[in-house]
Structure formats: C-alpha cells, structure tokens
Amino acid sequence: MTVGPPIRVLIVEDDPVAADAHVLYVGRVPGFTAVGKAHTGAQARRLLERTPVDLLLLDLHLPDVHGLQFARSLRAAGHQADVIAVTSARDLAVVREGVSLGVVQYVLKPFTFATLRDRLVRYAEFRGAVGEASGQDEVDRALASLRAPGPASLPKGLSAPTLERVTATLRDRVEGLTAAGVAEATGLSRITARRYLEHLVTAGVAARSPQYGTVGRPELQYRWTGSRGVS
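These remarks concern the structure in this document. What you are looking at is a predicted structure, and each value in this text was computed from that prediction instead of being measured.

1. Focus: the packing of helix α7 (residues 160–171) against helix α8 (residues 179–186)
Reasoning step 1: One can describe the packing of α7 onto α8 by two numbers: an axis separation of 10 Å at closest approach and a directional angle of 115 degrees. Seen along the crossing, α7 lies across α8 with a hand that is right-handed. Mapping the contact onto sequence places R165, V166 and T169 in α7 and V182, A185 and T186 in α8.
Reasoning step 2: Its residues placed into classes, the contact of α7 with α8 shows 3 nonpolar, 2 polar and 1 charged.

So, in structure tokens, the structure goes:
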C-alpha cells in the first residue's frame, strides 16, 4: 500500500443501495477514501469538475450513458482518473474496449468485499510504483500487480457458480429463507446450502436468526443484508 495521501475514489453507481455499499467498502480499505457518489453520468461529471478524483468505481450501465462512453468523454476532456468497472457485463469485447480507456480492473457483480479489497490493494501497489525500472522484470512486476493471480479464493469445497446461485436465491427473497428453503430452490443438499449461507454470513452480506414457531429446535433463517450489486 502506498504511503501518503489517501487515494480519492468517486463511486458512480445508479443503484442507491449499491452505491452506499460501495462507499462503505472503499472506506474499509486503508489508503482509500470515497470523496463522493453519483447515480448518473451527469452527476459524476459535475462532481469531477469540483472534486479531485484519482479513481472511479464505475458502473457501466448508467441511466443516461454507457459507462465506456462516459469514460471516453472524460479522456477527451482531459480527466486522467483511472477506472475500475463494477458491472454485471461479461462481454469480453467490452473488456477490451475498456482497457484503451483507462479501465484498470473489472469487478463482476455480485462480488464480496474481499474481492473489491483485493482489486483496490493491487491498484494501490501499481499506483505506488515510481522511479525508473531496472529492467524488464521490474516492469512486468509492476503490471502484474494489477492482475489477480486467479479467481477470488473461496473456502475449500465452495464454487463461485454455486455461490452466485445461492446468492441470487437469497437476495430475491426479502423475507429470508432457511437452509432447507435454499436447498429446495437451488437443488443442493441442505448441508451444502447451509455451508454457502454461512459463507455469506461471514462475508457480511447475510444475517441469520432463529425461526421460532416450529416444533422442536428452531431453524435458522437467513436474510440478505447486502446490496443487489454485492454478494
């Protein structure tokens, strides 16, 4: 992590709940500070005119402009802030286009705080590389700091596609679900469903509480507490 003034981050996200979550997440990473949030491209542009920004956490699907079009207009206007795209878009052509516009990272929704934290830390390492490289190896290391070594790590036995399925199931049920309910909805065993639910609790995006009113030991009810854009 760089030593010095914090890296100033502007959150550009059309979903107010997700925007608030992203502000909180950025604030939890040492060396970063959220200097504002915008829900449209027009709002973001006004904030950039009066607020120094180092990094944009940019949703690509804004109500008034596509995120890449917005990034292109910023470059044309002389803004040099880097961009981390936060999006559910998985089109690799979009990814390639973004690279030419200063998009240094992509974070796919839904994601955990740990995933965003990893991307921010890696960005800070890249940004903190100064001076003249001694050779090709040092250049390669500087560029490699932006790239995650692989998929965000999950506890042994858990898979990202299944986690996404469980996340979507729980997120769509405002009243919450038991492990048995998630198992029925996803086709998993009850034990497996509970492991994924407990992982979401540990990640801080789900809460559990006893469900009373049944005979015998009360079941645990799991309820989504994160945003629609974060898992």
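Now that the structure has been shown, the text picks up again.
2. Here's the deal with helix α2 (residues 41–50)
Reasoning step 1: All buried positions along α2 are accounted for by G41, A44, L47 and L48. Buried residues in α2, looked at end-on, bunch into an arc of 120 degrees, giving them a common side. With respect to the buried face of α2, the exposed residues turned more than 90 degrees away are E49 and R50.
Reasoning step 2: If you follow the buried residues of α2, they end up packed against β1 (7–12), β2 (32–38), β3 (55–59) and α3 (67–76).

3. What to know about the environment of A206
Reasoning step 1: If you trace the backbone, A206 turns up in strand β7 (residues 206–211).
Reasoning step 2: With 19 residues separating them along the chain, A206 and T225 place their C-alpha atoms 4.9 Å apart.
Reasoning step 3: Excluding residues that lie within four positions of it along the chain, A206 makes contacts with L170, L200, V201, R223, W224 and T225.

4. Thoughts on the pattern of salt bridges
Reasoning step 1: Going through the model one piece at a time under the given rule, you end up with 7 salt bridges.
Reasoning step 2: Across the pair R119 and D118 runs a salt bridge whose closest N-O atoms are separated by 3.0 Å.
Reasoning step 3: For R119, a relative accessible area of 13% corresponds to the buried category.
Reasoning step 4: Judged by its relative accessible area of 28%, D118 is partly exposed.
Reasoning step 5: For D118, the salt bridge is made with R122, and the minimal N-O distance between the two is 3.3 Å. Of the two residues, D118 and R122 both sit in helix α5 (residues 113–127), 4 residues apart, roughly one turn of that helix.
Reasoning step 6: Salt bridges sharing partners connect three or more residues here, namely D118, R119 and R122.

5. Section: the packing of aromatic side chains
Here the distance between the centres and the angle between the planes together describe a pair of aromatic rings.
Reasoning step 1: Following the criterion strictly, the structure yields 1 aromatic pair and no others.
Reasoning step 2: For the ring pair Y25 and F113, a centre distance of 5.2 Å and an interplane angle of 70 degrees mean the geometry is edge-to-face. Of this pair, Y25 sits in helix α1 (residues 16–27) while F113 sits in helix α5; the two residues are 88 residues apart in sequence, bridging distant segments of the chain. Across this residue pair, the class does not change: Y25 and F113 are buried.
Reasoning step 3: Positioned over the ring face of W224 is R171, at 5.8 Å from the centre of the ring.

6. Concerning the sheet that holds β3
Reasoning step 1: Pairing is parallel in the open sheet, where 5 strands are placed in the order β2-β1-β3-β4-β5. Whereas interior strands pair on both sides, the edge strands pair on one side only; in this sheet they are β2 and β5 (103–108). When the angles between neighbouring strand axes are averaged without regard to direction, this sheet yields 20 degrees.
Reasoning step 2: Where β3 meets strand β4 (residues 82–87), 5 bridges bridge the pair, whose relative direction is parallel. Pairing of L56 across the sheet is with V83, part of β4.
Reasoning step 3: Docked against the sheet, α1 engages β1, β2, β3 and β4, running at close to 165 degrees with respect to β2.

Calculation rules
Residues numbered from 1 in each chain as written. Predicted model: local features only at pLDDT ≥ 70, side-chain atom pairs only at ≥ 80, totals over all residues. Heavy atoms only, no water. Axes fitted to C-alpha atoms, helices over the stretch in contact; angles between N-to-C directions. Helix = DSSP H or I, 4+ residues; strand = E, 2+ residues; numbered from the N terminus. Left-handed = near helix turned anticlockwise from the far one by under 90°. Contact = heavy atoms within 4.5 Å. Nonpolar A, V, L, I, M, F, W, Y, C, P; charged D, E, K, R; others polar. Buried < 20%, exposed > 50% of the residue type's maximum accessible area, 1.4 Å probe, protein only. Arc of directions from axis to C-beta. Salt bridge = Lys/Arg side-chain N within 4 Å of Asp/Glu carboxyl O. Phe/Tyr/Trp six-rings, centres within 6.5 Å; stacked < 30°, edge-to-face > 60°. Lys NZ or Arg CZ within 6 Å of the ring centre and 35° of its normal. Pairing = 2+ DSSP bridges.

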